[in-house]
Amino acid sequence: MMTTDAGFFCAVLVALLLGAVLLTGLIWWKIFGKAGYPEWLSLLMFVPLVNLFALLWLAFGEWPLLAELRRLRAEVRRRDTAPAPAGDFRDQLWQCRPPIRLR
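Residues numbered from 1 in each chain as written. Predicted model: local features only at pLDDT ≥ 70, side-chain atom pairs only at ≥ 80, totals over all residues. Heavy atoms only, no water.

Student: So what's going on with the packing of aromatic side chains? Residues and values would help.
Tutor: In total, this model carries three aromatic pairs according to the counting rule given. Ring geometry for W28 against F32: centres 6.3 Å apart, planes inclined by 55°, an arrangement best described as tilted. With a gap of four residues between them, W28 and F32 both fall in helix 1 (residues 4–35), about one helical turn apart. Neither W28 nor F32 differs from the other in exposure class; each is buried. The interplanar angle of 45° and the centroid separation of 4.6 Å between the aromatic rings of Y37 and W57 together place this pair among those described as tilted. With Y37 in the loop between helix 1 and helix 2 (50–60) and W57 in helix 2, this pair connects stretches of sequence that are 20 residues apart. (Phe/Tyr/Trp six-rings, centres within 6.5 Å; stacked < 30°, edge-to-face > 60°. Helix = DSSP H or I, 4+ residues; strand = E, 2+ residues; numbered from the N terminus. Buried < 20%, exposed > 50% of the residue type's maximum accessible area, 1.4 Å probe, protein only.)

Student: Quick rundown of the pattern of salt bridges? Include the residues and the values.
Tutor: Inspection of the entire model under this criterion finds two salt bridges. Taking the shortest distance from any N to any O, the salt bridge between R70 and E62 comes out at 2.4 Å. Exposure remark for R70: the relative accessible area of 49% places this residue in the partly exposed category. Its salt-bridge partner being R71, residue E75 comes within 3.6 Å of it at the nearest N-O pair. Taken as a pair, E75 and R71 lie in helix 3 (residues 64–81) at a separation of four residues, close to a single helical turn. (Salt bridge = Lys/Arg side-chain N within 4 Å of Asp/Glu carboxyl O.)

As structure tokens, then:
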């Protein structure tokens, strides 16, 4: 039979273990979310052997967030180097000056 001290120690140990598991899950949830993957993929980190493959996939795979960033930067580069269409306000902005009034 357990004594009260041993029971209290086991309860504290279980609470700490449960807190560590929840904190680990939250950390992986945020990492997967910030990388652009669905957050529920963080649950794979609790499955033995699958977590190793998920970690390798996360480390060496192309993140959706970075792929989107690369696509948007290429679009901005292409838009900035393309000539402005006729009648576009950008080609007229540098010509706009306040009228000079002579007294």
